[in-house]
Amino acid sequence: MAPTALSKRTTETLDAIIKASTADPQHQLPRLVVMVASADSCLYAGAGGVEQLPPPEESITTPDTITPDSIFELWSCTKLVAAIAGLQLVERGQVGLHDDASHHLSALKDVKLFKGMGEDGEPILEKNDVPITMEMLIDHRAGFAMWYECPEYDAYLKRKGIPLDLRLRTLDQFMAMPLKYAPGTRWSYGPSNDWLTMVIEAVTGMTLQAYLDQNIFGPLGVRDMTYQRPSNKINFAFVPADPLAPYTVGPETLFTVHSGGAGLYGSPRSYLKIVQALLNGGVGSSGERILSSATVDTMFQPQLSSDKQREDLGYYAWSTTDAFTRSHETPPPVEWGYGGLIQLEGVEGGRRQNSLTWSGMGRTHWVIDREAGITFLLTPIVAASLVLIDSDVLLNGDKQTSSRRPTFTFLIKHPSGKLALWDLGFNKEWLSYIKPEKRNSYDDFEVDINDNLETMVKKGGVDPADISLVVLSHQHWDHTGEPSSYPNAEIIVGPTEHGAIPALAGLTNVTTLDWTTNPGKAVASFDHSYDVFDDGSFLIVDAKGHTPGHLCALIRTSKDEYALLGSDGCHHHLLLSQDPQHKDLQICTSFYTDSAESDRTLARMRACEKRDDCIVVIAHNEKQWDAWFKDEKYGWGPELNGWKEKGYKF
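Residues numbered from 1 in each chain as written. Predicted model: local features only at pLDDT ≥ 70, side-chain atom pairs only at ≥ 80, totals over all residues. Heavy atoms only, no water.

Quick look at the nonpolar core
Item 1. Core analysis: the biggest nonpolar cluster contains 81 residues, and Leu 108, Leu 137 and Tyr 271 have the highest contact counts within it.
Item 2. Ranked by residues supplied to this core, first place goes to helix H2 (residues 78-91) with eight residues.
Item 3. Once you skip the residues sitting within four places of it in the chain, Tyr 271 turns out to touch Leu 74, Cys 77, Leu 80, Val 81, Met 225 and Trp 366.
Item 4. Judged by nonpolar contacts, the second largest core, of 29 residues, contains Phe 408, Leu 469, Ala 563 and Tyr 634. (Core = buried A, V, L, I, M, F, W, Y, C linked by side-chain atoms within 4.5 Å. Buried < 20%, exposed > 50% of the residue type's maximum accessible area, 1.4 Å probe, protein only. Helix = DSSP H or I, 4+ residues; strand = E, 2+ residues; numbered from the N terminus. Contact = heavy atoms within 4.5 Å.)

Here we look at the pattern of salt bridges
Item 1. Considering all chains together, one arrives at 16 salt bridges under this definition.
Item 2. In this structure, Lys 8 and Glu 12 form a salt bridge, with 3.9 Å as the shortest nitrogen-oxygen distance. Taken together, the residues Lys 8 and Glu 12, both in helix H1 (residues 8-21) and four residues apart, mark about one turn of the helix.
Item 3. Linked by salt bridges that have partners in common, Glu 135, Asp 139 and Arg 141 make up one network. (Salt bridge = Lys/Arg side-chain N within 4 Å of Asp/Glu carboxyl O.)

Some remarks on the packing of H2 against helix H8 (residues 268-279)
Item 1. The N-to-C vectors of H2 and H8 enclose an angle of 45°; their axes lie 11 Å apart at closest approach. Put simply, H2 runs oblique to H8. In this structure, the crossing between H2 and H8 has a hand that is left-handed. Taking contact as the criterion, the partners of Leu 80, Val 81 and Ile 84 in H2 are, on H8, Tyr 271, Ile 274, Val 275 and Leu 278.
Item 2. Across the contact of H2 with H8, the residue classes tally to seven nonpolar, no polar and no charged. (Axes fitted to C-alpha atoms, helices over the stretch in contact; angles between N-to-C directions. Parallel < 35°, antiparallel > 145°, perpendicular 65-115°, else oblique. Left-handed = near helix turned anticlockwise from the far one by under 90°. Nonpolar A, V, L, I, M, F, W, Y, C, P; charged D, E, K, R; others polar.)

Quick look at the packing of aromatic side chains
Item 1. Within the structure shown, the criterion is met by 15 aromatic pairs.
Item 2. Ring centres of Phe 144 and Trp 195 lie 5.5 Å apart, and the angle between their planes is 10°; this geometry places the pair in the stacked category. Of the two residues, Phe 144 is situated in the loop between helix H3 (134-139) and helix H4 (151-159) and Trp 195 in helix H6 (residues 192-204); the sequence distance between them amounts to 51 residues. With respect to class, Phe 144 is no different from Trp 195; both count as buried.
Item 3. Ring plane angle 65° and centroid distance 6.1 Å describe the contact between Trp 625 and Tyr 634, whose orientation is recorded as edge-to-face. Assigned by exposure class, Trp 625 and Tyr 634 land together as buried.
Item 4. It is Arg 186 that lies over the ring of Tyr 181; its NZ or CZ is 4.4 Å from the centre. (Phe/Tyr/Trp six-rings, centres within 6.5 Å; stacked < 30°, edge-to-face > 60°. Lys NZ or Arg CZ within 6 Å of the ring centre and 35° of its normal.)

Concerning helix H7 (residues 208-220)
Item 1. Taking 1.5 Å of rise per residue, the 13 residues of H7 would be expected to cover 18 Å, and the 17 Å separating its terminal C-alpha atoms lies within 8% of that figure.
Item 2. The largest bend along H7 reaches roughly 40° and is located at Gln 214.
Item 3. Residues of H7 that are buried include every one of Leu 208, Gln 209, Tyr 211, Leu 212, Asn 215, Ile 216, Phe 217, Pro 219 and Leu 220, and no others.
Item 4. Tucked inside the fold, the buried residues of H7 contact H2, H6 and H8.
Item 5. Two residues or fewer past H7, Gly 221 is found with a positive phi of approximately 75°. (Expected span 1.5 Å × (residues − 1). Bend = angle between axes of the 7 residues up to and from the residue.)

Regarding the environment of Glu 51
Item 1. For Glu 51, the location among the structural elements is in the loop between strand E2 (42-49) and strand E3 (72-73).
Item 2. Separated by 19 residues in the primary sequence, Glu 51 and Leu 32 place their C-alpha atoms 9.7 Å from one another.
Item 3. Other than its neighbours up to four places away in sequence, Glu 51 contacts Arg 31, Thr 65, Ile 66, Ser 70, Asn 232, Ile 234 and Asn 235.
Item 4. Side chain to side chain, Glu 51 and Ser 70 meet in a polar contact 2.5 Å long. (Polar contact = N/O pair within 3.5 Å; in protein donor to acceptor, adjacent residues only side chain to side chain.)

Digging into unusual backbone geometry
Item 1. Here the phi dihedral of His 140 falls at roughly 65°; this positive angle occurs in a residue that is not glycine.
Item 2. Note that His 140 resides in the loop between H3 and H4.
Item 3. Even without being glycine, Ser 567 reaches a positive phi, approximately 50°.
Item 4. Along the chain, the position of Ser 567 falls in strand E23 (residues 561-567).

Quick word on the confidence of the model for the protein chain
Item 1. Put simply, the protein chain has an average pLDDT of 84, and 87% of its residues get 70 or more.
Item 2. Low pLDDT (under 50) marks residues 321-328, which in the prediction has 21 contacts with non-local residues, meaning those over four places away or in another chain.
Item 3. Overall, residues 388-400 carries pLDDT values under 50, and its contacts beyond four positions in sequence, including any with other chains, amount to 40 contacts. (pLDDT = per-residue confidence, 0-100.)

Looking at the environment of His 528
Item 1. Relative to the helices and strands, His 528 resides in the loop between strand E19 (510-512) and strand E20 (529-531).
Item 2. Along the chain, His 528 and Ile 540 lie 12 residues apart, while their C-alpha atoms are 8.4 Å from each other.
Item 3. If sequence neighbours within four positions are ignored, His 528 has contacts with Trp 515, Pro 519, Lys 521, Ile 540, Val 541 and Asp 542.

Side note on empty space enclosed by the protein
Item 1. In the structure shown here, the tally under the stated rule is four cavities of 30 Å³ or more.
Item 2. Its boundaries defined by the atoms lining it, the largest cavity holds a volume of some 50 Å³.
Item 3. For the largest cavity, the full set of lining residues is Pro 219, Leu 220, Lys 273, Gln 276, Ala 277, Gly 284, Ser 285 and Ser 286.
Item 4. Listing elements by their share of the lining of the largest cavity, those giving two or more residues are H7 and H8.
Item 5. Among the elements that take part in the lining of the largest cavity, H8 stands out by supplying three residues, more than any other. (1 Å grid on protein atoms, 1.4 Å probe; cavity = no way out; pocket = protein on both sides within 12 Å on 5 of 7 lines; lining within 4 Å. Points joined across faces, edges and corners; volume = space filled by probe spheres on them.)

Description of the sheet that holds E23
Item 1. Here we have five strands laid out as an open sheet, ordered E20-E21-E22-E23-E24, and mixed in their pairing. Two strands close off the open sheet at either side, each with one partner strand: E20 and strand E24 (614-618). Neighbour-to-neighbour, the strand axes of this sheet turn through a mean angle of 20°, independent of strand direction.
Item 2. Two strands pair when backbone bridges link them, and strand E22 (residues 551-558) and E23 are joined in this way by five bridges, in the antiparallel orientation. Looking at E23, one finds that Ser 558 is bridged to Glu 561. (Pairing = 2+ DSSP bridges.)

Below, the structure is given as structure tokens:
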């Protein structure tokens, strides 16, 4: 539900995975730290393994010494920090995104274009006439490459005595590396970010460490991120030639040059503060802003300009995405933003669409999933109402007390433009969906039908043909309407409900949820869920009791607010009341097929209503009807987005 905590089951699962994966640090994972956070709080921090792996001839005497505050070598996780720093200069007007970067760092004027090795063994170098822009240095389109991309490029580096190991290169050796490609034509993972931070130093007159301390680390409360190797950093583990032998511990090699491509040391807890700030639109947990929200938005936007550049990125998509997408055969389509790789399609069980990610050679990974904060447009519609007697819905209700109540339908609009309807109410032909032998019992039923829902939807400016999804919470006639009026919609119903809904007869576009084969994740204390758009923002949950396959839904209405569409999980608003005088009210069991399950569903709904970040809307809540629709009882109600500020919860 709200990003304030992970479920107990999720945390226990993560704990178990970490424990099992690091049980033998000398043969399995030497150490593992996993941290999960929302924009403003840490939701999970787990760790297992050892901080300092002993030599293979020694045994581990103190297990589980790694913590979220242990110091790791970040390697290419440094690149995100470099991108943020470069974008800060652009925001402040100190450089232009499309400026010729050589105006700020003259050495870029002298960079040559590598055309291969001549017959005499000497490199063929040409003058580069294409300006290298700040943007190219940020997004790896400047034309610099890694030595392993081309055998001749490798030969050039060896010929010039430039070490292949980035850590050993001097500043002069960095500057002696030619371009492999003409600037702007290819995406190539090379020292572009190293050049970027040289520009930053030239523009600001500060060392890179000083700039980062003042403009990123300091404002975010990061105190342990540095280019100077700390004495307490973890040691590297290396797989020996004999795969059954214990890991060896590696040599310590320092970076000669402090730059944006690699070289930072820091703890997972500190790095989390950086990615949290981006998740929060550029603002850290203490309120300090490091980037504008508009600039952060650009980091998540694809920047590649040709299919060839996307093809270049393909190799890295394979090598960096498999672990987090579970896509072991074909990697999902990806793009490159400012600072990381963008996943264009979500993968079940892995990263979701539009997440931003990258990693470092030391197997340090980060992922920012802004889709978890997606906003839905949620609007109630009332086309008809009916009278309910309190004694029918409350165990201790008054037989003499009754009231007219709405049948809420909800239009749900996804930011992609997709439209869904939650429940269809009932229309003027509702009696035709009741078995003939039972119709007499409805002769005195007090219903009021203002208009058929599909007509009311049209009056609201929505073509029923544009509805792509209809969810029927359960089988009862006052919720099933006329599904055939939405010809292009997939219709979703709960287990066992399909055959009990006459309005679905003959329709082939019906999906029946099956919690046995596809249980989904536990959410908001409901055992099972179905993620409609695969982004965690529209979750159908198992809420059996009123009928065997009754459904509710959890909708994200803003970044930090939710609505639980409770349907007929209960029929009286006082059952959800937090007032102590109503705490003993109970559901009238004759109105529900399974009283025990009904009680469990009600308890879950009450828990949601108790939260400050969730509003529960049941299908027949006359109090909400009166407040939202006032004198206009039928038609389109107000948007529920921003319900807290609007005072819709009472």
